[in-house]
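Each chain, written out:
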Amino acid sequence: MPERKPKVLVVGSGGVGAIGALCLTLNDKADVTLVVRSDYAKVNESGYSIKSVTYGEHENWKPRHIAKSVADASERFGEFDFILLTTKNIPDGPITCEDIIRPAVTPRTAIILLQNGLGIEKPMIEQFPHNVILSGVTLLCSTNINCVVCNSLKDQIYLGAWSNLNIKNHAEKEQSAINEFTRIYSNEYNKVFIDENVEKTRWEKLLYNAALNSTTTIVNLDVSRCQIAGANNELFRPAMREIVAIAASEGVEISPETVEKFIHISDGQFYSPSMCVDARKKQLFESEIILGNPIKIAEANGVETPVLKTLYTLLSMVQFRIKEEKGIIKIDENEYRNTNSDSYPDILKK
Ligand SMILES: *[C@@H]1O[C@H](CO)[C@@H](O)[C@H](O)[C@H]1NC(C)=O
Ligand SMILES: *[C@@H]1O[C@H](CO)[C@@H](O)[C@H](O)[C@H]1NC(C)=O
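Not measured: the values here are computed from a predicted model.

The rules we used
Residues numbered from 1 in each chain as written. Chains lettered and ligands numbered in written order. Predicted model: local features only at pLDDT ≥ 70, side-chain atom pairs only at ≥ 80, totals over all residues. Heavy atoms only, no water. UniProt positions renumbered as here; feature names shortened; annotations may be inferred. Helix = DSSP H or I, 4+ residues; strand = E, 2+ residues; numbered from the N terminus. Near = heavy atom within 4 Å. Polar contact = N/O pair within 3.5 Å; in protein donor to acceptor, adjacent residues only side chain to side chain. Areas by Shrake-Rupley, 256 points an atom, 1.4 Å probe, with all protein chains shown as cover. Nonpolar A, V, L, I, M, F, W, Y, C, P; charged D, E, K, R; others polar. Domains from an automatic or database assignment. Contact = heavy atoms within 4.5 Å. Buried area = accessible area lost by both parts, 1.4 Å probe. Salt bridge = Lys/Arg side-chain N within 4 Å of Asp/Glu carboxyl O. Pairing = 2+ DSSP bridges.

Another point: the UniProt feature "domain: Ketopantoate reductase C-terminal" (unreviewed entry) in the protein chain. Here, UniProt's "domain: Ketopantoate reductase C-terminal" (unreviewed entry) annotation points to residues 197–318. As a span, residues 197–318 carries 74% helix and 0% strand, and end to end its C-alpha atoms are 33 Å apart.

Here you go:
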């Protein structure tokens, strides 16, 4: 009898999800299903056009299975051994990541969060207390615009366990999920690093996300233009130093060299981070998991973060503008006319 290949559901068909599905399909050690929502008809008909520095060029490529939704995937192609979650993580948006994947989670499913940000594992464990949760950081640089996928940095994944104490022998089960995923994902072109300290990796990546993505998004300028206007000393380094202080309060040490690495990572490139690009396209972005959650941790640990709080409030206002433009929130000005502005936020919450 042929051995059963592990079934992997890739949720999120942006640049990271498409490349993940491609890699797993090329390796042929897993049975891959990709959830493709808005582009379903197009992908079903003509697939993706992929230019990847890691995996080469592929025309009209699609994975073994595509599905219109997670529920559809689960019905037709489940039950899954792994869910590789690569969507944006926007807990303040119309639907949480937990609700997105819920229809496909079964007791055998290990959930891999290949996503940005901090504090994203906790709500997963709360919603799926008996599932193995792995935390992954990707350094892939990849976009998917109208089914044209461009990947410009080598595919490297840092993968670690997020200890789920509800599970008996959790460390053993988490390790075997890591080993199995590493086996089906690895090939001669990419690199999966087993990361004993994936939390530290997340804090380090947060340096860039919290300081540069947020500032560029607020002012709608690329990184180099912000730097010409003086951002390095006035905003980027101060914001990063606050991240370093919060991480330290959690026992995670980040070196000054790491700060400098991220300050200079796109010197001279006039690069616009993806968050800034999303805002230009009037798409929601991940303000809660890159600023909201770290600020909550800072408050709990008594760390002062005046710069991050200011960035967070401004960034939330940009998100507010996009939500209103998309009709996700509606402001009835009459409700606010004869009211003290201190209670305005409560009116919106109602
Ligand atoms: C997908 O493509 C196949 C073959 O090209 C076609 O028969 C099928 O109707 C398509 N499915 C959907 C849901 O569009
Ligand atoms: C910040 O920008 C980088 C570079 O474009 C991108 O890889 C990352 O996903 C962005 N993070 C967020 C939270 O938008």
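Anyway, onward from the coordinates.
Moving on: the site of ligand 2. Surrounding ligand 2, one finds Asn116, Tyr208, Asn209, Asn213, Tyr271, Pro273, Ser274, Met275, Glu286 and Ile290. Side-chain polar atom of Asn116 to an oxygen atom of ligand 2: 2.8 Å apart, as the coordinates give it. With respect to ligand 2, the backbone of Ser274 contributes an N or O atom lying 2.9 Å from an oxygen atom. The fraction of the free accessible surface of ligand 2 (360 Å²) that becomes covered by protein chains is 83%. Secondary structure elements with two or more residues in the shell around ligand 2: helix H7 (198–219) and helix H11 (274–280). In terms of residue count, the dominant contributor to the shell around ligand 2 is H7 (three residues). Here the residues of the shell around ligand 2 sort into five nonpolar, four polar and one charged.

This part takes up the domain arrangement of the protein chain. Looking at the assigned domains, one finds that the protein chain contains domain 1 (7–195) and domain 2 (200–326). Here the C-alpha centre of domain 2 lies 25 Å away from the C-alpha centre of domain 1. Of the residues lining the interface, 22 residues belong to domain 1; the matching set on domain 2 comes to 21 residues. Of the roughly 1700 Å² buried between domain 1 and domain 2 on both sides combined, carbon and sulfur atoms contribute 53%. When the area that domain 1 buries against domain 2 is broken down by residue, the three leading residues are Asp92, Asn116 and Leu118, summing to 39%. One can count three salt bridges joining domain 1 with domain 2. Put simply, Arg202 and Glu121 hold a salt bridge, and the shortest N to O gap is 3.0 Å. Connecting domain 1 to domain 2 are 18 residue pairs in polar contact (both at pLDDT 80 or more).

Moving on: the pairing of strand E11 (residues 156–161). Bridge analysis of strand E8 (residues 133–138) against E11 gives five bridges, and the strand direction is antiparallel. Among the inter-strand pairings, Ser135 is bridged to a residue of E11, identified as Gly160. In terms of strand pairing, E11 meets strand E12 (residues 191–194) through four bridges, oriented parallel. From the neighbouring strand, Ile157 faces E12, where its bridge partner is Val192.

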